[in-house]
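The chain contents come next:
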Amino acid sequence: SNTRFTLGTWKACRQLTKVSFSTPRILLMSTSSSWAPVTSMALRMDGERVWLLDQRRLPDEERWVDATDPLVMEECIRTLAVRGAPLIGVAGAYGLALAMRRDAGDSHLADAHRRLNASRPTAVNLRWALDRLRAFLAPLPPAPLSTGNW
């Protein structure tokens, strides 16, 4: 069924932010319409958890932050742990999808969108990805949180 709390949300994130995943679930981002992927070693996921490479610590240290909690994702965007316009947009879209995992209600969708966008208000790609994902999710009925089928 089409609900906000399904795998379709993740598929929408991938489509809206032009990303795909390789076998080890490392994010691949396309730099052109031909989908010739460029490996981004800055975001990883396994279907349950999302990790971001803390770019504030580079080049001295490789530190991964578990950004599965939408508030952690928001903080990573705000504090420049995530850098680069495309990756900021991707991180924001996943942050919104993660927020829907907790509460798929309309007010929570609006609040999560507002908070994530405010984390880096001048980031055009962030606003674009958040707006596109919200437009995709808004007409869908919220599913019960107990389904666990996100």
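That block above? That's the structure.
Colleague: Pulling in residues and values, what's your account of the overall build of the protein?
Modeller: Across its full length, the protein carries five helices and five strands. Listing the helices and strands of the protein from first to last along the sequence gives α-β-β-β-β-β-α-α-α-α. Buried positions account for 46% of the 150 residues belonging to the protein. For the protein, the proportion of contacts with a sequence separation of at least 24, taken over those separated by at least 6, is 55%. Of the roughly 7,600 Å² of accessible surface on the protein, 54% is carried by carbon and sulfur atoms.

Colleague: Provide a residue-level description of the side chain of Ser119, including the pertinent values.
Modeller: On the secondary structure map, Ser119 appears in helix H4 (residues 106-119). On the accessibility criterion, Ser119 (5% relative accessible area) is buried. Residues in contact with Ser119, not counting those within four places in the same chain, are Glu74, Ile77, Arg78 and Leu126.

Parameters and conventions
Residues numbered from 1 in each chain as written. Predicted model: local features only at pLDDT ≥ 70, side-chain atom pairs only at ≥ 80, totals over all residues. Heavy atoms only, no water. Helix = DSSP H or I, 4+ residues; strand = E, 2+ residues; numbered from the N terminus. Buried < 20%, exposed > 50% of the residue type's maximum accessible area, 1.4 Å probe, protein only. Contact = heavy atoms within 4.5 Å. Areas by Shrake-Rupley, 256 points an atom, 1.4 Å probe, with all protein chains shown as cover.

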